[in-house]
Amino acid sequence: MAKHKDTRSIDRRIAADVRARIMSGDLASGEKLPITTELMEHYGVSNQTIQRALNLLKAEGYLEGKSGRGVYVRDEPQRAFDTAATQHPAAMGEQYAWLTEAARQGKTGLNQILAVEEVVPPAQVRRAFGLTGDGTAILRKRLMLLDGEPAELCWSYYPLEIAAGSPLTERKKIRGGSPRLLADMGFPPREAIDQVSWRQPTEEEFLTLELPTEVPVGRTFRVVYSDEQRPVEASILIKAGHKYALLYRIPVSTG
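Since this is a predicted model, take the numbers as computed values, not measurements. (Residues numbered from 1 in each chain as written. Predicted model: local features only at pLDDT ≥ 70, side-chain atom pairs only at ≥ 80, totals over all residues. Heavy atoms only, no water.)

Q: Let's hear about the overall build of the protein: which residues, and what values?
A: Within the protein, the regular secondary structure consists of eight helices and 10 strands. Taken over the C-alpha atoms alone, the protein extends approximately 65 × 50 × 45 Å along its principal axes. Within the span of the protein, comprising 255 residues, buried residues form 44% of the whole. Accessible surface computed for the protein: about 14,100 Å², of which carbon and sulfur atoms make up 50%. Averaging the positions of the 34 positive and the 33 negative side-chain charges in the protein gives two centres separated by 2 Å. (Helix = DSSP H or I, 4+ residues; strand = E, 2+ residues; numbered from the N terminus. Buried < 20%, exposed > 50% of the residue type's maximum accessible area, 1.4 Å probe, protein only. Areas by Shrake-Rupley, 256 points an atom, 1.4 Å probe, with all protein chains shown as cover. Lys, Arg positive; Asp, Glu negative; His and termini not counted. Charge placed at Lys NZ, Arg CZ, Asp CG, Glu CD.)

Encoded structure:
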């Protein structure tokens, strides 16, 4: 069997190596990169190749150039969001948990509603809800921003029998978010199951999230269940792969 070869250009391979070192913490936030001549010697390439690699990482937000001082790893080049912290219903009178988590990280979060409508959802959602081919659900489409920058594109679907006549069908923000509302409606979220994958962005995702060229997105398909394993929400969540990581806390049995 022929060995698989890395057919990427050398500048992209160098960028991938530096990116991996940043994500592992071997190149820390705020750290200065070696000077160009050292990078040229280390990788055995020309100055132009090194500059192409560095420019790619600058465009992705991993590096920043400081005039007369060199190239540095940006502060917090990738932000981890605690997935569990955003799933609990907000306490009575408090804001949506996603916004609270953003504030905890020193960021200003904004929940921007793009659309609220009755639609035939994707097949993955129909299967989760047990819908037939032309079955419909309520869609709440949102863009989440951090400090004014696009962070996550969200398509959240709700079964008609649950959403009908509720604020879920209105193009308005829900105080406390959908977990708080569902709990108040008698459908408290008990479990959320995530399926996480990575792929290249669609045109809409590329433009809405203001992505640099050839950056993948993280796609989370999440189904939220209430009592008796009843599905009450299914969401498709898209994050820029170069900016955000998902943080999970998994209980480990000692028995």
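Q: Can you explain the environment of Tyr 244? Please cite residues and give values.
A: Within the element layout of this structure, Tyr 244 appears in strand 10 (residues 244-247). Separated by 27 residues in sequence, Tyr 244 and Val 217 place their C-alpha atoms 9.3 Å apart. Residues within four places of Tyr 244 in sequence aside, it is in contact with Gln 78, Arg 79, Leu 146, Pro 150, Ala 151 and Lys 239. (Contact = heavy atoms within 4.5 Å.)

Q: Mind laying out helix 4 (residues 97-104), listing which residues take part and the relevant values?
A: Note that an α-helix has 3.6 residues per turn; residues three or four places apart therefore point the same way. Inspection of helix 4 places Ala 97, Trp 98, Leu 99, Glu 101 and Ala 102 among the buried residues, and these make up the whole buried set. Here the buried face of helix 4 lies against strand 3 (79-82), strand 4 (109-119), strand 5 (137-146) and strand 6 (149-159). Remark: Gly 106 follows helix 4 within two positions and exhibits a positive phi of approximately 80°.

Q: Describe the environment of Thr 49, listing the residues and the values that go with them.
A: Mapped onto the elements of the fold, Thr 49 is located in helix 3 (residues 47-60). For Thr 49, a relative accessible area of 7% gives the class buried. Aside from chain neighbours lying at most four places away, what touches Thr 49 is Ile 10, Asp 11 and Ile 14.

Q: Could you give me a rundown of the pairing of strand 9 (residues 231-240), with the residues and numbers involved?
A: Of all the 10 residues making up strand 9, 10 are buried; the element is thus mostly covered by neighbouring parts of the structure. Of the pairings in the sheet, the one linking strand 6 to strand 9 comprises six bridges and is antiparallel in character. Along strand 9, the bridge assignment pairs Ser 156 with Ser 235. Here strand 8 (residues 217-225) pairs with strand 9 via nine bridges, running antiparallel. Residue pairing for strand 9: Arg 222 is matched across the bridge by Ser 235. Remark: five residues form the turn of the hairpin made by strand 8 and strand 9, two consecutive strands paired antiparallel; Glu 228 in that turn has positive phi of roughly 60°. (Pairing = 2+ DSSP bridges.)

Q: Describe empty space enclosed by the protein, and please don't skip the residues or the numbers.
A: Enumeration according to the criterion identifies three cavities of 30 Å³ or more in this entry. Here the largest cavity defines a volume of roughly 240 Å³. Taken together, 22 residues form the lining of the largest cavity, with Thr 86, Gln 87, Tyr 96, Arg 222 and Leu 237 sitting closest to its centre. When contributions to the lining of the largest cavity are tallied by element, the ones reaching two or more residues are strand 3, strand 5, strand 6, helix 7 (177-184), strand 8 and strand 9. Among the residues making up the lining of the largest cavity, the classes are represented as nine nonpolar, seven polar and six charged. Estimated volume of the second largest cavity: approximately 90 Å³. Mapped onto the lining of the second largest cavity, the elements with two or more residues apiece are strand 5 and helix 7. (1 Å grid on protein atoms, 1.4 Å probe; cavity = no way out; pocket = protein on both sides within 12 Å on 5 of 7 lines; lining within 4 Å. Points joined across faces, edges and corners; volume = space filled by probe spheres on them. Nonpolar A, V, L, I, M, F, W, Y, C, P; charged D, E, K, R; others polar.)

Q: Tell me about the packing of helix 2 (residues 36-43) against helix 3, and please be specific about residues and values.
A: When two helices pack together, their arrangement is given by the angle between their axes and by how far apart the axes lie. Two elements in contact, helix 2 and helix 3, have axes separated by 9 Å at closest approach and are oriented at 105°. In terms of axis orientation, helix 2 runs roughly perpendicular to helix 3. Where helix 2 abuts helix 3, its residues Thr 36, Leu 39, Met 40 and Tyr 43 lie against Asn 47, Ile 50, Gln 51 and Leu 54. Its residues assigned to classes, the contact of helix 2 with helix 3 shows five nonpolar, three polar and no charged. (Axes fitted to C-alpha atoms, helices over the stretch in contact; angles between N-to-C directions. Parallel < 35°, antiparallel > 145°, perpendicular 65-115°, else oblique.)

Q: Residues and numbers for the side chain of Lys 239, please.
A: Checked against the element boundaries, Lys 239 lands in strand 9. Ignoring sequence-local partners within four residues, the contact set of Lys 239 consists of Ala 151, Glu 152, Leu 209, Val 217, Gly 218, Tyr 244 and Leu 246.

Q: Lay out the nonpolar core in plain terms, naming residues and giving numbers.
A: Residues Trp 155, Tyr 157 and Ile 238 are the most contacted members of the largest nonpolar core, which totals 20 residues. For this core, the elements supplying multiple residues, two or more each, are helix 5 (123-129), strand 5, strand 6, strand 8 and strand 9. Ile 238 has contacts with Ala 151, Glu 152, Leu 153, Trp 155, Arg 199, Glu 205, Leu 209, Val 217, Gly 218 and Arg 219, leaving out every residue within four places of it along the chain. Counting residues in each nonpolar core, the second largest holds 17 residues, with Leu 54, Leu 57, Tyr 62 and Val 73 among its members. (Core = buried A, V, L, I, M, F, W, Y, C linked by side-chain atoms within 4.5 Å.)

Q: Go over the pattern of salt bridges with me, naming the residues and quoting the values.
A: Within this structure, the stated rule accounts for 13 salt bridges. Where Glu 149 meets Lys 243, a salt bridge forms, and the shortest distance between an N and an O atom there is 3.5 Å. Placement of the pair is Glu 149 in strand 6 and Lys 243 in the loop between strand 9 and strand 10, with a sequence separation of 94 residues. (Salt bridge = Lys/Arg side-chain N within 4 Å of Asp/Glu carboxyl O.)

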